[in-house]
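Chain by chain, the residues:
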Amino acid sequence: EVQLVESGGGLVQPGGSLRLSCAASGFTFSSYSMNWVRQAPGKGLEWISYISRSSTTIYYADSVKGRFTISRDNVKNSLYLQMNSLRAEDTAVYYCARNGGYCSSISCYTYWGQGILVTVSS
Amino acid sequence: QSVLTQPPSASGTPGQRVTISCSGSSSNIGSNTVNWYQQLPGTAPNLLIYSNDQRPSGVPDRFSGSKSGTSASLAISGLQSEDEAEYYCAARDDSLSGYVVFGGGTKLTVL
């Protein structure tokens, strides 16, 4: 069974940093590109970052470019999101999401984690 | 303001057919496939339709998708109470400012 489990969320002050992790199991992690998608309270979904299978291709949304860094460890079957210079508007539930399988589009997420809340507030 | 435009709400009675639209541009829907997600209250999103009109295994055939030009639609026939959820469209965007764009979401209410 495919499982994606996020961790590392919590309350952080504006300007602070946080590192999210996503532990993957039930599939060959190194064979799939991965993403982070977030959802502010009461708002819609926002894609924020993509990383290819071997980390050779990385994309960011303009809203987080220069502040967030996506990475992965294919030995530990884990995806990460290093978040620096956090702002109040970064407050959201953060989901890790897997691409691939039966659909090839970068916007096709066949599996999602349960999400982890990040709150940026003083 | 989302790049893909969806109506904020839709509604129908049990058994009815409802459609949800998703409008984009030549850089996203016009040149890439559209995917739809269903998000039940308090849960993570779930892939409902991929590649414009394909259903993942386990998704009832009451759900269907289509695309024409720079717009896409999600249709739900035989509406059921458990279909009450938020629905999002998504597509790759080939413009300089983005890679993946979502619609703002449509809250479907089953009356």
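Structure's up top.
Residues numbered from 1 in each chain as written. Chains lettered and ligands numbered in written order. Predicted model: local features only at pLDDT ≥ 70, side-chain atom pairs only at ≥ 80, totals over all residues. Heavy atoms only, no water.

1. Topic: the pairing of strand E5 (residues 45-51) of chain A
Residue and element names in this part refer to chain A. This is how it is decided: The classification of residues rests on relative accessible area computed with a 1.4 Å probe and restricted to protein chains. Under 20% of the type maximum is buried, over 50% is exposed, and intermediate values are partly exposed. Runs of E in the DSSP output that reach at least two residues are strands. Runs of H or I that reach at least four are helices, and both are numbered from the N terminus. If DSSP finds at least two bridges between two strands, the strands pair.
Most of E5 sits out of view: six of its seven residues are buried. Note: strand E4 (residues 34-39) against E5, six bridges, orientation antiparallel. The residue bridging methionine 34 from the neighbouring strand is isoleucine 51, located in E5. Taking the residues between adjacent antiparallel strands as the criterion, E4 and E5 are bridged by five residues, where glycine 42 takes a positive phi near 70°. Inspection of the sheet shows E5 paired to strand E6 (residues 58-60) by three bridges, in the antiparallel sense. Within the sheet, the bridge partner assigned to tyrosine 50 lies in E6 and is tyrosine 59. Turn length for the E5-E6 hairpin, with the two strands adjacent in sequence and antiparallel, is six residues, and the turn residue serine 55 shows positive phi of about 70°.

2. Remarks on the interface of chain B and chain A
For clarity, the threshold we go by: Only heavy atoms matter for contacts: two residues are in contact if any of them lie within 4.5 Å across the pair. By convention, the term buried area covers the 1.4 Å-probe accessible surface removed from two parts as they join, with the contributions of both added. A pairing counts as a salt bridge when a side-chain nitrogen of Lys or Arg comes within 4 Å of a carboxyl oxygen of Asp or Glu. N or O atoms closer than or at 3.5 Å make up a polar contact, with two conditions inside protein: a donor-capable atom paired with an acceptor-capable one, and, for residues adjacent in sequence, both atoms drawn from side chains.
Counting residues at the interface gives 20 residues for chain B and 22 residues for chain A. A combined buried area of about 1,700 Å² lies between chain B and chain A, and 63% of that area is made up of carbon and sulfur atoms. Considering only the surface of chain B that becomes buried against chain A, B:Tyr99, B:Val100 and B:Phe102 emerge as the three largest contributors, covering 32% of it. At the surface where chain B touches chain A, the tally comes to zero salt bridges. At the boundary of chain B and chain A, one finds six residue pairs in polar contact (both at pLDDT 80 or more). Listing elements by their share of the side of chain B that touches chain A, those giving two or more residues are strand E3 (34-39), strand E7 (85-92) and strand E8 (100-102) of chain B.

3. What about the state of the cysteines?
Using the following cut-off: To count as a disulfide, a pair of cysteine sulfur atoms needs to be within 2.5 Å.
Taken as a whole, this structure holds three disulfides over all chains when the rule is applied. Between A:Cys103 and A:Cys108 runs a disulfide, and the two sulfur atoms are separated by 1.8 Å. Sign of the S-S torsion, about -80° for the bond between A:Cys103 and A:Cys108, identifies this disulfide as left-handed. A sulfur-sulfur separation of 2.0 Å characterises the disulfide bridge that pairs B:Cys22 with B:Cys89. On the sign convention where negative is left-handed, the bridge of B:Cys22 and B:Cys89, at about 80° about the S-S bond, is right-handed. Residue B:Cys22 is located in strand E2 (residues 18-23), and its partner B:Cys89 is located in strand E7; the two are separated by 67 residues in the primary sequence. The exposure class of B:Cys22 is buried, given its relative accessible area of 1%.

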